[in-house]
Amino acid sequence: MSQLIDAFNRKITYMRISVTDRCNLRCVYCVPSCGTISTLPSNELMSFDEMYRLVKVAAKMGLNKIRITGGEPLVRRGVVEFIAAVNKIDGIKDIAMTTNGVLLKNYAQSLKKAGLRRLNISLDTFDPKKFLAITKGDCFDKVWEGILEAERVGFDPIKLNVVPSRGVNDNELVDFAKLTLNKPFQVRFIEFMPVDDWEGWKKSFISKADMMAKIESALGKLEPVVDEKDKSGPAKNYRVQGARGIVGFISAISEHFCDTCNRIRLGADGRIKHCLFSESYIDFREPMRNGCEDSEIERLLVSVMDTKPEAHNIDMNAGSQKYLHSMTSIGG
Ligand code: SAM
């Protein structure tokens, strides 16, 4: 059987699956500035059976890690059962989820039982009013309770995804880093990626170097650490002296890590995108609905490998250019 190795000799072992394009929040940095997103009619969403079949073929070709994302993955009914099924596929060693945490309190236990290994929870502020302004949802408390419940049922590590934005939450970077003093969490600062407002984005963007300087000036030198459980991950990790947890930075813009890219992204519409920032994709839904054999799925996966770009082309110094239309339909 062919292996998932792209034209630049990168081994692709990781698939992010956006199980829905629907979300119960409207984060300002994620959806377009008009605040609305068009969602697919349900018959155009990949069914869980279709996703399962695709993962099964890909696992035979070397895929071993899955991340369930969205939209908000916990709003799609059947996601827990899907995780339990994928967990039994030969070759799949690791299943993770990225969630906004709003529904997590009710799901944490069953996700753990289904075989989910790791959780990333998005949280950009500790201030409930600011949370409402960023996400358009008045549910900071629910998310915080969800995080504590995930900790209680034994998720380890728990990663908190923070998207720093100048003038919005940059005054809380140190508070997030301080959280790691007493909690064994990994706080991951993700560089803001452009959605649909190039000039606005450039003004809001904070680089990894600037974030680190701010944190180090308050808490002292950050010591580099290697995350033994996630050596191939995109985050550069550090520890505040004496902290239980870790502070990580994902610098997709200022120091991109495309040369070690090991991932592909399956959208809720059944398209695999070549790169988070690229417009190109290969559709799997229609061939599968037209009754294709597994060998055709394999052939399409090989085409994804052959056409995956070497690197993304987001360049802050360039003028306005094409960028993401909405992270929520791609899954981050
Ligand atoms: N609804 C889930 C959530 O909120 O975690 C999963 C989907 S969300 C698109 C996945 C991740 O993408 C979140 O951690 C979010 O913070 C991140 N994200 C969304 N828009 C972003 C942007 N413009 N730049 C950087 N990260 C972004």
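On a predicted model such as this, the values are computed, not experimentally measured, just so you know. (Residues numbered from 1 in each chain as written. Predicted model: local features only at pLDDT ≥ 70, side-chain atom pairs only at ≥ 80, totals over all residues. Heavy atoms only, no water.)

**Student:** Please set out the overall build of the protein chain residue by residue, giving values where relevant.
**Tutor:** Regarding its fold elements, the protein chain presents 10 helices and 12 strands. Against the 2.2 N^0.38 benchmark of 20 Å for 332 residues, the protein chain shows a C-alpha radius of gyration of 19 Å, consistent with a compact globule. In terms of overall dimensions, the protein chain has C-alpha extents of about 60 × 45 × 40 Å along its principal axes. A burial count over the protein chain gives 55% of its 332 residues as buried. Within the protein chain, contacts between residues at least 6 apart in sequence are counted, and of these 74% link residues at least 24 apart. In the form shown here, the protein chain has an accessible surface area of approximately 14600 Å², with 49% of it arising from carbon and sulfur atoms. Charge centroids of the protein chain, computed over 48 positive and 43 negative side chains, lie 3 Å from each other. (Helix = DSSP H or I, 4+ residues; strand = E, 2+ residues; numbered from the N terminus. Rg over C-alpha atoms; globule rule 2.2 N^0.38 Å. Buried < 20%, exposed > 50% of the residue type's maximum accessible area, 1.4 Å probe, protein only. Contact = heavy atoms within 4.5 Å. Areas by Shrake-Rupley, 256 points an atom, 1.4 Å probe, with all protein chains shown as cover. Lys, Arg positive; Asp, Glu negative; His and termini not counted. Charge placed at Lys NZ, Arg CZ, Asp CG, Glu CD.)

**Student:** Let's hear about the nonpolar core: which residues, and what values?
**Tutor:** General note: in soluble globular proteins, nonpolar side chains tend to be found buried as a group. Formed by 96 residues in total, the largest nonpolar core has its most connected members in Ile66, Phe189, Phe284 and Leu301. Those residues in contact with phenylalanine 189, other than ones at most four positions away along the chain, are Val162, Pro164, Leu173, Phe176, Ala177, Met211, Ile215, Val247, Gly248, Phe249 and Ile250. (Core = buried A, V, L, I, M, F, W, Y, C linked by side-chain atoms within 4.5 Å.)

**Student:** Report on the side chain of glutamine 186, specifying residues and quantitative values.
**Tutor:** Structurally, the position occupied by glutamine 186 is in strand β6 (residues 186-190). Those residues in contact with glutamine 186 that sit more than four places away from it in its chain are Pro157, Ile158, Lys159, Leu160, Asp227, Asn237 and Ile246.

**Student:** I'd like a rundown of the packing of helix α2 (residues 79-87) against helix α3 (residues 104-114), residues and numbers included.
**Tutor:** Direction vectors running N to C along α2 and α3 enclose 20°, while the axes themselves pass 8 Å from each other. By the angle between their directions, the pair α2 and α3 is classed as roughly parallel. Between α2 and α3 lies a crossing of right-handed hand. For the pair α2 and α3, contact is made by Val80, Ile83, Ala84 and Asn87 and by Tyr107, Ser110, Leu111 and Ala114, respectively. When its residues are assigned to classes, the contact of α2 with α3 shows 6 nonpolar, 2 polar and no charged. (Axes fitted to C-alpha atoms, helices over the stretch in contact; angles between N-to-C directions. Parallel < 35°, antiparallel > 145°, perpendicular 65-115°, else oblique. Left-handed = near helix turned anticlockwise from the far one by under 90°. Nonpolar A, V, L, I, M, F, W, Y, C, P; charged D, E, K, R; others polar.)

**Student:** So what's going on with the site of the ligand? Which residues, and what values?
**Tutor:** Lining the immediate environment of the ligand, one finds 20 residues, of which Tyr29, Gly71, Ser122, Asn161 and Met193 sit closest. Glycine 71 places a polar main-chain atom, nitrogen or oxygen, 2.9 Å from a nitrogen atom of the ligand. Glutamate 72 is positioned with one of its side-chain polar atoms (N or O) 3.1 Å from a nitrogen atom of the ligand. Compared with its free state, where it exposes 550 Å², the ligand has 95% of that area covered by protein. (Near = heavy atom within 4 Å. Polar contact = N/O pair within 3.5 Å; in protein donor to acceptor, adjacent residues only side chain to side chain.)

**Student:** I'd like a description of the packing of aromatic side chains, backed by residues and values.
**Tutor:** Enumeration over the complete set of coordinates arrives at 11 aromatic pairs. The interplanar angle of 75° and the centroid separation of 6.5 Å between the aromatic rings of tyrosine 29 and phenylalanine 192 together place this pair among those described as edge-to-face. Separated by 163 residues along the polypeptide, tyrosine 29 in the loop between β1 (14-18) and α1 (48-60) and phenylalanine 192 in the loop between β6 and α7 (198-204) bring together distant segments of the chain. In this structure, tyrosine 29 and phenylalanine 192 share a single accessibility class: buried. Clustering of aromatic rings is evident, with ring pairs tying together Phe126, Phe131, Phe140, Trp144, Phe176, Phe189, Tyr238 and Phe249. Just above the ring of phenylalanine 155 sits the side chain of lysine 112; from NZ or CZ to the centre is 5.1 Å. (Phe/Tyr/Trp six-rings, centres within 6.5 Å; stacked < 30°, edge-to-face > 60°. Lys NZ or Arg CZ within 6 Å of the ring centre and 35° of its normal.)

**Student:** Before we move on, could you go through unusual backbone geometry and cite the residues and values that matter?
**Tutor:** Following aspartate 156, the chain continues to proline 157 via a peptide bond in cis, the omega torsion being 5°. Of note in this structure, asparagine 9 is not a glycine but carries a positive phi near 65°. Positionally, asparagine 9 belongs in the segment before β1. Taking the relative accessible area as the measure of exposure, asparagine 9 reaches 66% and is therefore exposed.

**Student:** Explain the environment of asparagine 262 to me, and be specific about the residues and the numbers.
**Tutor:** Its place among the elements puts asparagine 262 in the loop between β9 (246-250) and β10 (263-266). Using a relative accessible area of 10% as the deciding quantity, one classes asparagine 262 as buried. Each C-alpha atom of the pair asparagine 262 and alanine 209 lies 24 Å from the other, and the pair is 53 residues apart in sequence.

**Student:** Could you give an account of the pairing of strand β5 (residues 158-162), naming the residues involved and the relevant values?
**Tutor:** Extensive coverage of β5 is indicated by the burial of 5 of its 5 residues. Residues Ile158, Leu160 and Val162 line one face of β5 and the alternating positions Lys159 and Asn161 line the opposite face, and both faces are buried. Bridge analysis of strand β4 (residues 118-122) against β5 gives 4 bridges, and the strand direction is parallel. Across the sheet, serine 122 pairs through a bridge with asparagine 161, a residue of β5. Direction of pairing for β5 relative to β6: parallel, over a ladder of 4 bridges. Note that in β6 the partner of asparagine 161 across the bridge is arginine 188. Taken together, β5, helix α6 (residues 173-182) and β6 constitute a β-α-β crossover, and its handedness is right-handed. (Pairing = 2+ DSSP bridges. Right-handed = clockwise from strand over helix to strand, strands pointing away.)

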